[in-house]
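Given next are the chains, with one letter for each unit.
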Amino acid sequence: MAYRNRSRHKKPDTGDVTGLVRDVLAARVRLLVVEGRTQRRKSRRDARRAKFNRRIRRQWCSALDALDELIAVSAESGDLVAREHSNSTHLFTAQELLRQRACQVAWEVHTLCTKGYADGAYARWRTLHEIAVVMEFLHKFGEPATERYFEHVHIKNRKVLREYEECQRELRYPPLTGEEVGRSEVKKNEVIAKYGDDFGNEYGWAATDCKVAKPTFFHVRQAAGYSFWKAHYSMASHAVHAGPHGVLFRLGHPQGARVAPLSGPSLMGLCDPLDATAISLMHATFAFFQSVRQVDRESVESNVEHTARIKYISKLGKHVSELASRAQDRVERRYGTKSGQPNPRLHPTVVR
């Protein structure tokens, strides 16, 4: 009897429930995209961001402006030297291209710092450091190393095509032509036959000078004389990868504060990327000067001009470091843990 009574209850119509949920969601989406509401949300975000940008300028303007000047002078000085000492060697071509890229990456770091993204800025500095290391390496080992550096592009091209083929079907991309793949394979085999099997590795272009069969960036940096940057490079790598240290340690957190979510910009932590960027940009600029300049062929006026610019760039780099350190201390005293626990009302992040 009980069984029959239970059977009389009407089963819920899952179709009706699904339809109801769908209608509610559709209504909610329509509400979110109403033009007036969207505009009001945008206005509130713009106001909060403008207020935050004013706080960034108030605390960090001196260091940011000094780095801005350093990048501009480094780019201008490099242009002057490039025009005066232009030649057709592999070394000049590589150093000129790398120098231009170094300036661009430095501007990217400056932009991220201006908006309060310390971790992103430090991650971009990592690229700038790699550029400076390669420039110093090529300066040290000269034209033969630079020729291998350029020819190694055939190794990378074949790897890129292989990776494309591995995911092409799943992504529904058009397949590569047999001619394109065959041409890349021939080029790869040619340079390996020319330089040896070690040339086929990731940093194979540096194997001869590093005297290591399978060199890594560690070996390139060591050969270039920049081993002392290992700790900074590792720290910047945490912001690139998704490992636990990159989650638990953020430059944008007040020093000594407990781990807290950080999904936007912060007033904290800009000292490290500003300081490191100034130093690595100087490294890249001076490596270019040393590789390209022919001092004995310069006029007296030109030599004086370039020497003065080198001294000015050195002075600016030191100035950036000093101003960034002062700003960091000032921000930590106001928002950090130097005077106790951070005040939640004064938390340096901006609400999006």
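Refer to the structure presented above.
Computed from a prediction, not measured in an experiment: that's the story for all the values here. (Residues numbered from 1 in each chain as written. Predicted model: local features only at pLDDT ≥ 70, side-chain atom pairs only at ≥ 80, totals over all residues. Heavy atoms only, no water.)

On to the side chain of R221. By secondary structure assignment, the location of R221 is in helix α9 (residues 217-224). Buried and unpaired, R221 has E130 as its nearest opposite-charge partner, separated by 7.6 Å. Not counting the four nearest positions on each side in its chain, R221 is found in contact with H129, V133, Y226, S227, W229, K230 and Y233. (Helix = DSSP H or I, 4+ residues; strand = E, 2+ residues; numbered from the N terminus. Buried < 20%, exposed > 50% of the residue type's maximum accessible area, 1.4 Å probe, protein only. Lys, Arg positive; Asp, Glu negative; His and termini not counted. Salt bridge = Lys/Arg side-chain N within 4 Å of Asp/Glu carboxyl O. Contact = heavy atoms within 4.5 Å.)

Turning next to the packing of aromatic side chains. Within the structure shown, the criterion is met by 15 aromatic pairs. Plain terms: the ring middles of W125 and W229 are 5.6 Å apart, the flat faces sit at 45° to each other, and that makes the pair tilted. Of this pair, W125 sits in helix α5 (residues 118-151) while W229 is found in the loop between α9 and α10 (230-238), placing the two residues 104 residues apart along the sequence. Here W125 and W229 have matching classes, each one buried. Residue placement shows R99 over the ring face of F288; its charged tip is 5.0 Å from the ring centre. (Phe/Tyr/Trp six-rings, centres within 6.5 Å; stacked < 30°, edge-to-face > 60°. Lys NZ or Arg CZ within 6 Å of the ring centre and 35° of its normal.)

If you add up the space inside the largest pocket, you get close to 610 Å³. Lining of the largest pocket is provided by 19 residues; of these, Y149, H152, E202, Y203 and W205 occupy positions nearest its centre. Counting only elements with at least two residues in the lining of the largest pocket, the list comes to α4 (90-114), α5 and α6 (153-171). Examining the composition of the lining of the largest pocket, we find that six residues originate from one element, α5, more than from any other. (1 Å grid on protein atoms, 1.4 Å probe; cavity = no way out; pocket = protein on both sides within 12 Å on 5 of 7 lines; lining within 4 Å. Points joined across faces, edges and corners; volume = space filled by probe spheres on them.)

A separate point is the packing of α5 against α10. Running from amino to carboxyl end, α5 crosses α10 at an angle of 135°, the nearest separation of the two axes being 8 Å. As summarised for this structure, α5 and α10 are arranged oblique, according to the angle between their axes. Two packed elements cross with a definite hand, and for α5 against α10 that hand is left-handed. Contact residues: Y122, A123, W125, R126, H129 and E130 in α5; H232, Y233, M235, A236 and S237 in α10. Each residue belonging to the contact of α5 with α10 can be placed in one class, and the counts come to six nonpolar, three polar and two charged. (Axes fitted to C-alpha atoms, helices over the stretch in contact; angles between N-to-C directions. Parallel < 35°, antiparallel > 145°, perpendicular 65-115°, else oblique. Left-handed = near helix turned anticlockwise from the far one by under 90°. Nonpolar A, V, L, I, M, F, W, Y, C, P; charged D, E, K, R; others polar.)

Further remarks concern the side chain of T146. Inspection of the secondary structure assignment puts T146 in helix α5. A relative accessible area of 0% means that T146 is categorised as buried. In this structure T146 touches H90, L91, A94 and L138, once residues within four positions along its chain are discounted.

So, on to unusual backbone geometry. A negative phi holds for most residues other than glycine; trans holds for most peptide bonds. Phi is positive for R172, which is not a glycine, with a value near 60°. You can see R172 is positioned in the loop between α6 and α7 (178-195). A positive phi is found at K211, a non-glycine position, where the angle reads about 60°. Here K211 lies in the loop between α8 (207-210) and α9.

Our next topic: α6. The first and last C-alpha atoms of α6 sit 25 Å apart over 19 residues, in line with the 27 Å expected at 1.5 Å per residue. Its maximal kink placed at E165, α6 deviates by approximately 30°. Within the span of α6, buried status applies to I155, R158, L161 and Q168. On the buried face of α6, the contacting elements are α5 and α7. (Expected span 1.5 Å × (residues − 1). Bend = angle between axes of the 7 residues up to and from the residue.)

These results come straight from atomic positions and should not be treated as a statement about function.
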